[in-house]
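A structural walkthrough
What follows is the residue order along each chain.
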Amino acid sequence: MRKNIFLSVLLLLSMSTCIIFFSGCGKKDEGKIKIGVVLPMTGDLASFSEPLKTGMEFAIRELNNKNNNKMELVFVDSKADPTTAINGLQKLLNVDKVNYVIGDVSSPVTLALVPIIEKNKAFLLSPGASSPKLDNISSLFARNYPSSVIESYESAKYLANKQNILKTALIYVNSEYGLGLRDVFTRTYKELGGEIIFTETFDIGRTNFRNIIIKMKEANPEAIYLGGNQKEMGSFMRQLRESGSRVLVISNISFLEADCLNIAKNAADGVIVPVAYYNPIDTIYKSAFNFAKLVKEKLNKEVTVPIAVGYDAIMLIAKGIEKFGDNPEKVASYIRNLKNYDGALGLLNFTDGDVRMPVEFKIVKNGKSIRISDK
């Protein structure tokens, strides 16, 4: 009898210990914020995602060191495919229970994600999707890098006003990104008195541009506006220079990615690219200056625009949560019209979900991009 009572007491103590243990585990995770990340970690656009991921993970480590591991990233590989991305987002929302998502750099993918975000009352922050179709598309969407509208608008102005070039060829990728670049460049250039005398599009993944180059050379443009993704543009430039053409080329920010420059090699020299003003050694922007030093010190890396953009994406969401709690609608409203945010990328001003930054022009020289004023 005593033996049975003793065993019962042991069993009760054991059960109590388990209950205390599991309830302790529950309390440990209580209040933890998960942020979903939908990016092309594999495929043609993966080179954009790696530095973004570096910046995001760096931000999470900083925040967790201060706040006792309160934030967690959950990554999904979109493969730059809308269907794959939608499935990944459903998993993030329904299984991981995230309220905040960073993604995508692909405009078609981001456009596909917005309706699902709205239905679930979550918040989507894009670090790079640039289609004009995303302009003010939802009260639950923002992007923390300027739209391609700015790039193409400034390119048209540069050719017409700065270079007095009024006969240009337009060659662009057949995607939402490329169509956005085409539309704004065409409209702006024509308004400034320019004429597009040759137009051609190409598919993602194309490597042979020789037929396009032959036809384009017959039109004899004074310049080319080249809009696309990095690998295709690298191949185009190499083949353009091999054809003997030395025509001026102005392009978009993807041209400055390593995947483009490594393919084009010295054929990239002389290409001009408008970019959002970012100068990590400019002490006027304290946060950008300090962040560059921190990246060098902690990661032993030179800071890049995507690292800064990824870092800012996390910090913006964290700032919104700190101010309003875990409320994605209020966080979205706050970020979409936030002014004078001094971040890793510099001074950011948001209006209806789009960020505005000053623009500068860079030129490629010996495989590096330098400010035109510093040549």
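Residues numbered from 1 in each chain as written. Predicted model: local features only at pLDDT ≥ 70, side-chain atom pairs only at ≥ 80, totals over all residues. Heavy atoms only, no water.

1. Focus: the overall build of the chain
- Across its full length, the chain carries 12 helices and 15 strands.
- Its C-alpha atoms put the chain at 105 × 40 × 35 Å along the principal axes.
- Looking at the chain residue by residue over its 375 residues, the buried ones come to 51%.
- Within the chain, contacts between residues separated by at least 24 positions form 66% of all contacts whose residues are at least 6 apart in sequence.
- Working note: accessible area of the chain is about 17700 Å², and carbon and sulfur atoms make up 52% of it. (Helix = DSSP H or I, 4+ residues; strand = E, 2+ residues; numbered from the N terminus. Buried < 20%, exposed > 50% of the residue type's maximum accessible area, 1.4 Å probe, protein only. Contact = heavy atoms within 4.5 Å. Areas by Shrake-Rupley, 256 points an atom, 1.4 Å probe, with all protein chains shown as cover.)

2. Details of the pattern of salt bridges
- In total, this model carries 13 salt bridges according to the counting rule given.
- Here Glu-200 ties to Lys-215 by a salt bridge, and the two come within 3.2 Å at their closest N and O atoms. In this pair, Glu-200 sits in strand E7 (residues 195-202) while Lys-215 sits in helix H7 (residues 210-219), placing the two residues 15 residues apart along the sequence.
- Between Glu-242 and Arg-238 there is a salt bridge, with the nearest N and O atoms lying 3.8 Å from each other. Residue Glu-242 and its partner Arg-238 are located together in helix H8 (residues 230-242), separated by 4 residues, close to a single helical turn.
- Within the structure, one salt-bridge network assembled from shared partners comprises Asp-135, Arg-143 and Asp-354. (Salt bridge = Lys/Arg side-chain N within 4 Å of Asp/Glu carboxyl O.)

3. As for the nonpolar core
- Ile-224, Leu-226 and Phe-255 are the most contacted members of the largest nonpolar core, which totals 118 residues.
- Counting residues per element, this core draws most heavily on helix H11 (residues 305-324), at 11 residues.
- The contacts of Leu-226, once residues within four sequence positions are left out, are Ile-171, Phe-202, Met-233, Phe-236, Met-237, Val-249, Ile-250, Ser-251, Asn-252 and Phe-255. (Core = buried A, V, L, I, M, F, W, Y, C linked by side-chain atoms within 4.5 Å.)

4. Overview of the pairing of strand E8 (residues 223-227)
- For E8, the buried fraction is high: 5 of the 5 residues fall into the buried class.
- Pairing geometry for E8 and strand E9 (residues 248-250), over 3 bridges, is parallel. Across the sheet, residue Ile-224 finds its bridge partner in E9, namely Val-249.
- The parallel pair E8 and E9 is bridged by H8, and the resulting crossover is right-handed. (Pairing = 2+ DSSP bridges. Right-handed = clockwise from strand over helix to strand, strands pointing away.)

5. A look at the packing of helix H3 (residues 82-94) against helix H4 (residues 107-119)
- Two elements in contact, H3 and H4, have axes whose closest approach is 9 Å; the angle formed by their N-to-C orientations is 35°. Read as a crossing pair, H3 and H4 show a hand that is right-handed. Facing Pro-82, Ala-85, Ile-86, Leu-89, Gln-90 and Leu-93 of H3, the residues of H4 in contact are Pro-108, Val-109, Ala-112, Leu-113, Ile-116 and Ile-117.
- By residue class, the composition of the contact of H3 with H4 is 11 nonpolar, 1 polar and no charged. (Axes fitted to C-alpha atoms, helices over the stretch in contact; angles between N-to-C directions. Left-handed = near helix turned anticlockwise from the far one by under 90°. Nonpolar A, V, L, I, M, F, W, Y, C, P; charged D, E, K, R; others polar.)

6. What to know about the environment of Ile-363
- The residue Ile-363 is located in strand E14 (residues 359-365) in this model.
- For the pair formed by Ile-363 and Ala-268, sequence separation is 95 residues and the distance between their alpha carbons is 9.2 Å.

7. Overview of the side chain of Ser-155
- Mapped onto the secondary structure, Ser-155 falls in helix H5 (residues 148-162).
- Excluding its chain neighbours within four sequence positions, the residues that come into contact with Ser-155 are Phe-185, Tyr-225, Ile-250, Ser-251 and Pro-274.

8. Side note on the packing of H5 against helix H6 (residues 176-191)
- Following both chains from N to C, one finds H5 and H6 inclined at 35°, their axes separated by 8 Å at the closest point. Judged by the sense of rotation from one axis to the other, the crossing of H5 with H6 is right-handed. Between H5 and H6, the residues in contact are Ser-148, Val-149, Glu-151, Ser-152, Tyr-153, Ser-155, Ala-156, Lys-157, Leu-159 and Ala-160 and Tyr-177, Gly-180, Leu-181, Val-184, Phe-185, Thr-188 and Tyr-189, respectively.
- Considering only residue class, the contact of H5 with H6 consists of 10 nonpolar, 5 polar and 2 charged.

9. Considerations on the packing of aromatic side chains
- Tallied over the entire structure, the rule returns 10 aromatic pairs.
- Ring centres of Phe-209 and Phe-236 lie 5.7 Å apart, and the angle between their planes is 85°; this geometry places the pair in the edge-to-face category. Of this pair, Phe-209 sits in the loop between E7 and H7 while Phe-236 sits in helix H8, and the two are 27 residues apart along the sequence. Of the two residues examined, Phe-209 and Phe-236, each falls in the buried class.
- By the ring-pair criterion, three or more aromatic residues cluster together here, those being Phe-58, Phe-291 and Tyr-311.
- In this structure, Lys-53 packs its charged tip against the face of Phe-75, placed 5.2 Å from the ring centre.
- In this structure, Arg-206 packs its charged tip against the face of Phe-209, placed 5.6 Å from the ring centre. (Phe/Tyr/Trp six-rings, centres within 6.5 Å; stacked < 30°, edge-to-face > 60°. Lys NZ or Arg CZ within 6 Å of the ring centre and 35° of its normal.)

10. A look at the side chain of Thr-168
- Note that Thr-168 resides in strand E6 (residues 167-173).
- Given the relative accessible area of 0%, Thr-168 is considered buried.
- A distance of 2.7 Å separates a polar atom in the side chain of Thr-168 from a polar atom in the side chain of Tyr-189.
- Among residues more than four places away in sequence, those in contact with Thr-168 are Leu-159, Phe-185, Tyr-189, Glu-195, Ile-196, Ile-197, Phe-198, Pro-221, Ala-223, Ile-224 and Tyr-225. (Polar contact = N/O pair within 3.5 Å; in protein donor to acceptor, adjacent residues only side chain to side chain.)

11. Side note on unusual backbone geometry
- The residue after Gly-103, namely Asp-104, is reached through a cis peptide bond having omega -15°.
- As for its placement among the helices and strands, Asp-104 is situated in the loop between strand E3 (100-103) and H4.
- Of note in the backbone geometry, Asn-220 takes a positive phi value of approximately 60° without being a glycine.
- Mapped onto the secondary structure, Asn-220 falls in the loop between H7 and E8.
- Its identity as a non-glycine residue notwithstanding, Asp-352 has a phi of 50°, on the positive side.
- Structurally, Asp-352 is set in the loop between strand E12 (346-351) and strand E13 (354-356).
- By relative accessible area, which is 37% here, Asp-352 ends up partly exposed.

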